[in-house]
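What the coordinates show
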Amino acid sequence: AQKITQTQPGMFVQEKEAVTLDCTYDTSDPSYGLFWYKQPSSGEMIFLIYQGSYDQQNATEGRYSLNFQKARKSANLVISASQLGDSAMYFCAMREEGGANSKLTFGKGITLSVRP
Amino acid sequence: EADIYQTPRYLVIGTGKKITLECSQTMGHDKMYWYQQDPGMELHLIHYSYGVNSTEKGDLSSESTVSRIRTEHFPLTLESARPSHTSQYLCASSEFLGQGDEKLFFGSGTQLSVL
């Protein structure tokens, strides 16, 4: 079974509007971490936001916020006020097995295109 | 901005050649990773290291090998490249966050094409 599921096809959003990128996860660990990374066409992976499973509040980093719904096992990324530079692939990832053995598992990614 | 560097950025080689992909970081991070990514697909972990003299295989079987003689350096070697090795290779290092989590910093990647 997939650990991280990103099923949306390519997403389109108008510049300055908000967009939500979906991510669901599957784990039996009580302690885990959720991450979103951005990959522009240049290829590098850029860290955007992190949510720990015990965090009570949803994480926010500037225009990025993570809508964490633990019971539904979802960790959707919300980008507010989209900019042309937000056009990229976005990957959701989960860390299980905390401490030295921790590893990240990535989803298949979602392509976001911002229209002017 | 992350201080992790990969060279070369692009590499086109013939079948059977031995190649080494370089990865260096100046952040003093102990843990480092190599991921393989096909176009438009997810990242697959192929190797990681907890620190000097530590190397571990990842989730995806790979014919490559790695070494970690110095903290800052984590090269990946293919003894005999094949067309099936054509892919993007991403190196990363991590710093610890709370709750045992890590934040990964990635290099720009090496796009390898084996003819």
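Residues numbered from 1 in each chain as written. Chains lettered and ligands numbered in written order. Predicted model: local features only at pLDDT ≥ 70, side-chain atom pairs only at ≥ 80, totals over all residues. Heavy atoms only, no water.

A count of helices and strands for chain A gives zero helices and 12 strands. In chain A, the order of α-helices and β-strands from amino to carboxyl end is β-β-β-β-β-β-β-β-β-β-β-β. The globule rule puts the C-alpha radius of gyration for 116 residues at 13 Å, and the 14 Å found for chain A is close to it. Seen through its principal axes, chain A has C-alpha atoms that stretch 40 × 30 × 25 Å. When the 116 residues of chain A are sorted by exposure, 48% land in the buried category. (Helix = DSSP H or I, 4+ residues; strand = E, 2+ residues; numbered from the N terminus. Rg over C-alpha atoms; globule rule 2.2 N^0.38 Å. Buried < 20%, exposed > 50% of the residue type's maximum accessible area, 1.4 Å probe, protein only.)

On to the packing of aromatic side chains. Under the criterion given, the structure shown has 13 aromatic pairs over all chains. Ring geometry for A:Y25 and A:Y32: centres 5.1 Å apart, planes at 50°, overall tilted. For A:Y25, a relative accessible area of 5% corresponds to the buried category. Geometrically, the ring pair formed by B:Y48 and B:Y50 is edge-to-face, given 5.6 Å between the ring centres and 90° between the ring planes. A relative accessible area of 27% means that B:Y50 is categorised as partly exposed. By way of ring pairs, the aromatic residues A:F35, A:Y37, A:F47, A:Y50, A:F106, B:Y33, B:Y35, B:Y48, B:Y50 and B:F106 are connected into one cluster. Note that A:R63 overlies the ring of A:Y64, its terminal NZ or CZ placed 5.7 Å from the centroid. Between B:R9 and the ring centre of B:Y10, over which it is positioned, the NZ or CZ distance is 5.0 Å. (Phe/Tyr/Trp six-rings, centres within 6.5 Å; stacked < 30°, edge-to-face > 60°. Lys NZ or Arg CZ within 6 Å of the ring centre and 35° of its normal.)

Residue and element names in this part refer to chain A. Residues L104 and F106 of strand β11 (residues 103-106) are buried on one face, while the alternating residues K103 and T105, pointing to the opposite face, are not. Pairing geometry for strand β10 (residues 88-96) and β11, over four bridges, is antiparallel. Bridged to A93 within β11 is F106. (Pairing = 2+ DSSP bridges.)

Another aspect to go through is the interface of chain B and chain A. Taken together, the contact pairs 27 residues of chain B with 29 residues of chain A. Across the interface of chain B and chain A, roughly 2100 Å² is buried in total on both sides, 48% from carbon and sulfur atoms. Summed over the shared surface of chain B and chain A, the number is one salt bridge. Along the contact surface separating chain B from chain A lie four residue pairs in polar contact (both at pLDDT 80 or more). Of all the elements, strand β10 (residues 102-106) of chain B adds the most residues to the side of chain B that touches chain A, at four residues. When its residues are assigned to classes, the side of chain B that touches chain A shows 12 nonpolar, eight polar and seven charged. (Contact = heavy atoms within 4.5 Å. Buried area = accessible area lost by both parts, 1.4 Å probe. Salt bridge = Lys/Arg side-chain N within 4 Å of Asp/Glu carboxyl O. Polar contact = N/O pair within 3.5 Å; in protein donor to acceptor, adjacent residues only side chain to side chain. Nonpolar A, V, L, I, M, F, W, Y, C, P; charged D, E, K, R; others polar.)

A few words now on the confidence of the model for chain A. Within chain A, residue pLDDT values average 91, and 93% of them lie at 70 or more. Taken element by element, the predicted model of chain A shows its lowest mean pLDDT in β11(A) (84) and its highest in strand β9 (residues 74-79) of chain A (98). (pLDDT = per-residue confidence, 0-100.)

Residue and element names in this part refer to chain A. The biggest cluster of nonpolar side chains holds 26 residues, and the ones touching the most others in it are L21, W36, L77 and Y90. Within the residue set of this core, elements represented by two or more residues are β2 (11-14), β3 (19-21), β5 (33-39), β6 (46-52), β8 (64-69), β9, β10 and β12 (110-115). By residue number, the principal contributor to this core is β10, which donates four residues. When residues no more than four places from it in sequence are discounted, the contact partners of Y90 are Q6, L21, W36, Y37, K38, L48, L77, I79, G109, I110 and L112. (Core = buried A, V, L, I, M, F, W, Y, C linked by side-chain atoms within 4.5 Å.)

All names here are of chain A. For D22, the position within the fold is in the loop between β3 and β4 (24-25). On the basis of relative accessible area, D22 is assigned to the partly exposed category, the value being 32%. C-alpha of D22 to C-alpha of N76: the two residues are 54 residues apart in sequence and 4.5 Å apart in space. Setting aside chain neighbours within four positions, we find D22 in contact with T5, Q6, Q8, W36, N76 and I110. Engagement of the side chain of D22 in a polar contact is seen with the side chain of N76, the distance being 3.5 Å.

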